[in-house]
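Report on the structure
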Amino acid sequence: MHYMVKFLAIPVLLGTTFFMHGCEQKKTAQQPEAETSADDRIMKELASEPVKSFAKTAQDPDDIRALRDYDQRFTAVSDEMEDELMQMKESGSLSPEFAAERKRDNIQSALSMLKELDLKTEQGRYIQGLMYQYWNQQQQLQLAEAQVTNKDENAVSSAHVKGLGQFIHAQEQLDHWQAQYPELAQLNTQAASDVATSAP
């Protein structure tokens, strides 16, 4: 779960950026009850299912490698986007419109990369489906937000964690699956090395 966790928060970060301008113009006092309710909803969304059992197959290692490769490629794309947005925010040149555009690009990259995976195993397709469902939900959420003029900060923040529990479950399932093949442990080492190499 190590290098996937970082970009799990990207939709939340970008969603916050999207309505940041409006929130700076109008701040309202939040009721403790409302905050508690929002926190409860978020924790409920973050709850993940137990890892499921699947029979081992000869194609397991190939599918695990394919999913880890997707992890690494998409993490690199997300890191680059996040760095770009943070730099623009610090320089004061980041607009809600540009943030939304980059968010669309990021989500579409995830969906395209996942769709391109040619996985052979039931477990691999199960994980692929959970990840695809999460990013598809984020895409539909962004389309819905584009139709709303006045956005509520709490509502948007809560909405952007929708489906995260399933996504976390997918990563936990992948970690559990890979752990059954000690010879694939180097994939984690390679991922950590790639992240360190790409860091500024």
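All values derive from a computational prediction rather than experimental measurement.

**Comments concerning the packing of aromatic side chains**
- This model, assessed by the stated rule, comprises 6 aromatic pairs.
- Considering the side-chain rings of Tyr-134 and Trp-135, the 4.9 Å spacing of their centres and the 70° angle between planes classify their relative orientation as edge-to-face.
- Tyr-134 gets classed as buried once you look at its relative accessible area, which sits at 0%.
- Residue classification places Trp-135 among the buried positions, given a relative accessible area of 0%.
- Within the aromatic cluster, the residues linked to one another by ring pairs are Tyr-70, Phe-74, Tyr-134, Trp-135 and Phe-167.
- Note that Lys-56 overlies the ring of Tyr-181, its terminal NZ or CZ placed 4.9 Å from the centroid.

**Some points on the confidence of the model for the protein**
- For the protein, the mean per-residue pLDDT works out to 79, and 64% of the residues sit at or above 70.
- For the protein, the element scoring lowest by mean pLDDT is helix H3 (residues 20–25), at 46; helix H5 (residues 60–91) scores highest, at 96.
- Residue range residues 15–29 is modelled with pLDDT below 50. Its contacts to residues more than four positions away, or to other chains, number 17 contacts.

**Here we look at the environment of Ser-93**
- Mapped onto the fold, Ser-93 is located in the loop between H5 and helix H6 (96–116).
- For Ser-93, the side chain forms a polar contact with the side chain of Ser-91, separated by 2.9 Å.

**What to know about the pattern of salt bridges**
- Going through the model one piece at a time under the given rule, you end up with 8 salt bridges.
- Lys-120 serves as the salt-bridge partner of Asp-118, at 3.0 Å between the closest nitrogen and oxygen.
- One continuous salt-bridge network, built from bridges that share partners, spans Arg-68, Asp-71 and Asp-175.

Parameters and conventions
Residues numbered from 1 in each chain as written. Predicted model: local features only at pLDDT ≥ 70, side-chain atom pairs only at ≥ 80, totals over all residues. Heavy atoms only, no water. Phe/Tyr/Trp six-rings, centres within 6.5 Å; stacked < 30°, edge-to-face > 60°. Buried < 20%, exposed > 50% of the residue type's maximum accessible area, 1.4 Å probe, protein only. Lys NZ or Arg CZ within 6 Å of the ring centre and 35° of its normal. pLDDT = per-residue confidence, 0-100. Helix = DSSP H or I, 4+ residues; strand = E, 2+ residues; numbered from the N terminus. Contact = heavy atoms within 4.5 Å. Polar contact = N/O pair within 3.5 Å; in protein donor to acceptor, adjacent residues only side chain to side chain. Salt bridge = Lys/Arg side-chain N within 4 Å of Asp/Glu carboxyl O.

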